[in-house]
Amino acid sequence: MCIRDRSTWGKICIFEFEMAEKGATNAKLTGLLTEMVTEKAIEDKTKQYVEEQTQEYKQQQQQGNQNDKKDSDDDFEMDEEELKIIQKLKQERLREVEQHVQKEQKIQFPGEYREITEEEFLPYVTKNEYVACHFYHRDFERCKIVDQHLRILAQQHPECKFLNINAEKAPFFVSKLAVKTLPTICLFKDGILQDSVVGFGDLGERDDFKTIELARRLLRTGIIKPRTDAEKGFKLKRGTNSGNNNDDSDSD
């Protein structure tokens, strides 16, 4: 009985030992499995965190690039606006230079019979070597006759600048040049008064004098050069009656 009991007890002990050993093994397996699951969870969590951080970094980079691009566009727009301002200033300066050049050309351009103001008188007289300036009155018929002849001579003698000025609007130079009779043509060389053609006294005192007669009178002072043989062949002397010396070869 005891033997059986001992044998049975032994079997029971062996069974309990085996069960305990299996329990320990299962516990180890369970613990190992728990650790693996925990590590996997940590790994997944870490991976998720890294992905989130990476995605956030990419978004920040993208946003930063967009801001940089916007700033760059703003800078470019500012630069472009500045360029427009600079270009506008250059164009304005160019127009000023062109206007100045045109004014200078008007002063020196030959072949033109031009009316000037008192303010323009000195620039024209001093910037041209030869000048014939007609002081006129708008209501005097003889002044209109002189205008017709001077307009023709301006085209024929580009070496001289032919001008006219309203005597009523130029009192300073009327006084300085002692203009007392109209029409009067003041003749200048290098800005210095050389001679004056006063009225029609040097032109025969006739209203129908010819252009060549006036040309010869100017030639005598030397402010024009002889253009034709007719101009060379006869020079009026101041104070003589040119009407007594006209011939059929003279032409307007």
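The structure we're discussing is the one just above.
Residues numbered from 1 in each chain as written. Predicted model: local features only at pLDDT ≥ 70, side-chain atom pairs only at ≥ 80, totals over all residues. Heavy atoms only, no water.

### Points about helix α2 (residues 118–127)
For α2, the complete set of buried residues consists of Glu-118, Phe-121, Tyr-124 and Val-125. Along the axis of α2, the buried positions cluster into a sector of 95°, meaning they face one direction only. Exposed positions of α2 whose direction lies more than 90 degrees from the buried face are Glu-119 and Thr-126. (Buried < 20%, exposed > 50% of the residue type's maximum accessible area, 1.4 Å probe, protein only. Helix = DSSP H or I, 4+ residues; strand = E, 2+ residues; numbered from the N terminus. Arc of directions from axis to C-beta.)

### Topic: the sheet that holds strand β3 (residues 161–166)
Taken in spatial order, the five strands make up an open sheet running β1-β3-β2-β4-β5, and their pairing is mixed. Pairing within the sheet leaves two strands with one partner each, and these edge strands are β1 (113–116) and β5 (192–198). Averaged over all pairs of adjacent strands, the angle between strand axes in this sheet comes to 25°, irrespective of strand direction. Strands β3, β4 (184–189) and β5 of the sheet are contacted by helix α5 (residues 211–221), whose axis makes an angle of about 150° with β5. (Pairing = 2+ DSSP bridges. Axes fitted to C-alpha atoms, helices over the stretch in contact; angles between N-to-C directions. Contact = heavy atoms within 4.5 Å.)

### Topic: the nonpolar core
Judged by nonpolar contacts, the single largest core of 22 residues is most densely connected at Leu-150, Phe-162, Ile-185, Leu-214, Leu-218, Ile-223 and Ile-224. Those elements giving two or more residues to this core turn out to be β2 (130–136), α3 (141–156), β4 and α5. No other element matches the five residues that α3 contributes to this core. Of all hydrophobic cores here, the second largest spans 17 residues; its members include Val-131, Ile-165, Leu-177 and Cys-186. (Core = buried A, V, L, I, M, F, W, Y, C linked by side-chain atoms within 4.5 Å.)

Keep in mind these numbers describe shape, not what the thing actually does.
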